[in-house]
Each structure stands twice: as structure tokens, then as C-alpha cells.
Amino acid sequence: MTLAINREQLGDALEFGWRMHDVNPDGSEMRFAALYELSVVALHAGFPEPAMRGFCHVLERVHLPRLRLVYLGGAIRAAAQLRRPDQVAALRGEIDLTISSANQPHDAAQVL
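Residues numbered from 1 in each chain as written. Predicted model: local features only at pLDDT ≥ 70, side-chain atom pairs only at ≥ 80, totals over all residues. Heavy atoms only, no water.

### Quick notes on the environment of Ala51
Under the convention used in this document: Here a strand is any run of E in DSSP of at least two residues, a helix any run of H or I of at least four, and the numbering for each starts at the N terminus. Any two residues whose heavy atoms approach within 4.5 Å are treated as being in contact.
Tracing the backbone through its elements, the reader meets Ala51 in helix H4 (residues 48–61). Between the C-alpha atoms of Ala51 and Val41, which are 10 residues apart in sequence, the distance is 7.9 Å. Residue contacts for Ala51: discarding those within four places in its chain leaves Ser39, Ala42 and Leu43.

### Looking at the packing of helix H2 (residues 10–23) against helix H3 (residues 29–44)
Applied cut-off: All axes here are fitted lines through C-alpha atoms, helices being fitted over the stretch that makes contact, and every angle between N-to-C directions spans 0 to 180 degrees. When an angle is under 35 degrees it counts as roughly parallel; over 145 it counts as roughly antiparallel; between 65 and 115 it counts as roughly perpendicular; any other value is oblique. In this scheme the handedness of a crossing depends on how the near helix is turned from the far one: anticlockwise by less than a right angle means left-handed, clockwise means right-handed. In this classification, Asp, Glu, Lys and Arg are treated as charged, Ala, Val, Leu, Ile, Met, Phe, Trp, Tyr, Cys and Pro as nonpolar, and every other residue, Gly included, as polar.
Between H2 and H3, whose axes approach to 8 Å, the crossing angle comes to 160°. Relative to H3, the element H2 lies roughly antiparallel. Relative to H3, the crossing made by H2 is left-handed. Listed contacts from H3 to Leu10, Ala13, Leu14, Gly17, Trp18, Met20, His21 and Asp22 of H2 are Met30, Arg31, Ala33, Ala34, Leu38, Val41 and His44. A class-by-class count of the residues in the contact of H2 with H3 yields 10 nonpolar, three polar and two charged.

### Some thoughts on helix H5 (residues 65–81)
The periodicity of an α-helix, 3.6 residues per turn, causes residues three or four positions apart to be oriented the same way. As a reminder, the rule being used: Helix span, as expected, comes to 1.5 Å for every residue beyond the first. Burial classes follow relative accessibility: with a 1.4 Å probe on protein chains only, a residue under 20% of its type's maximum area counts as buried, one over 50% as exposed, and anything between as partly exposed.
Taking 1.5 Å of rise per residue, the 17 residues of H5 would be expected to cover 24 Å, and the 24 Å separating its terminal C-alpha atoms lies within 8% of that figure. Considered for burial, the residues of H5 that qualify are Leu67, Arg68, Leu69, Tyr71, Leu72, Gly73, Gly74, Ala75, Ile76, Ala78 and Ala79.

### Examining H4
Inclusion rule: Throughout, the arc means the angular range of directions from the helix axis out to the C-beta atoms.
For H4, spanning 14 residues, the distance from its first C-alpha to its last is 20 Å, which sits close to the expected 20 Å at 1.5 Å a residue. Along H4, the positions that sit buried rather than exposed are Pro48, Ala51, Met52, Gly54, Phe55, Val58 and Leu59. What you see down the axis of H4 is that its buried residues fit within an arc of 165°, all on one side. Along H4, exposed side chains directed more than 90 degrees from the buried face belong to Arg53 and Glu60. Structurally, H4 contributes buried residues whose contacts are with H3, H5 and helix H6 (85–101).

### Here we look at the packing of aromatic side chains
The condition that has to hold: The pairing test for Phe, Tyr and Trp rings, Trp by its six-membered ring, is centres within 6.5 Å, and the orientation test on the planes gives stacked under 30 degrees, edge-to-face over 60, and tilted for anything in between.
Applying the stated criterion across every chain, the model contains two aromatic pairs. The interplanar angle of 50° and the centroid separation of 5.6 Å between the aromatic rings of Tyr36 and Phe55 together place this pair among those described as tilted. Of this pair, Tyr36 sits in helix H3 while Phe55 is found in helix H4, placing the two residues 19 residues apart along the sequence. One exposure class covers both Tyr36 and Phe55, and it is buried. Between Tyr36 and Tyr71, the aromatic rings sit 5.0 Å apart at their centres with planes inclined by 40°, giving tilted as the arrangement. Taken together, the residues span a long stretch of sequence, with Tyr36 in helix H3 and Tyr71 in helix H5 at a distance of 35 residues. Classification of Tyr36 by relative accessible area gives buried; the value is 11%. Its relative accessible area of 4% is what places Tyr71 among the buried residues. Members of the aromatic cluster, each reached through a chain of ring pairs, are Tyr36, Phe55 and Tyr71.

Scope: geometric values only; no functional claims are made or implied.
What follows is the structure, given as C-alpha cells:
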């Protein structure tokens, strides 16, 4: 999926993402990862609102700090594209809180 996104082959990325989503059981980490990736595709395709809904759905269900940092990074980019400064500020606060409670320097560097 990442290669397809980087090559701007968004149709292929969607196909891969939905396949990954559908072959994994409900509530699984891989299914949430697929939804996150599909949200990234939506963001790249110029659809920040559906992307934000996907990021928020995943964030409501995933509590592992290293994953939340990645998902929060997507959500804050979508909020910025939607020009929602209050949501950007709230997400930035959540990112800071997650960074302070997790020992994940690599993931923290990526989201910042």
C-alpha cells in the first residue's frame, strides 16, 4: 500500500487496503492498520473528512501508544487540512501526552 500511495496509484492502494481489511478479523490490530492506511489514501486523494472519520474510528479502539502515535499523526494532518485549529490543538495535546507516557522515541519522532 505504501508503495502504491507513494506512486500516487491510489486505486491500487484502495484495493490492497480493502483486501487487507477484509481478510483480518473484526477488532484485530491488522484490521485497524488497514483502516488507518485507507484513511491515508483518502487524505492523499483530497478527502480529509472521510480520512478524519477513519482516523478517529481507529483512535477510539486502539490504545497501544506506539500505534496511537502513528494514528494521531494522520488525524492531525486531516484536521489541519480541514482547517480546524481547535481540533489540531486537541490532537497536539494528545500527541504530547502519548509521547510523555510512552517510551517510543522513534515513533514520537515520526509523528512530530
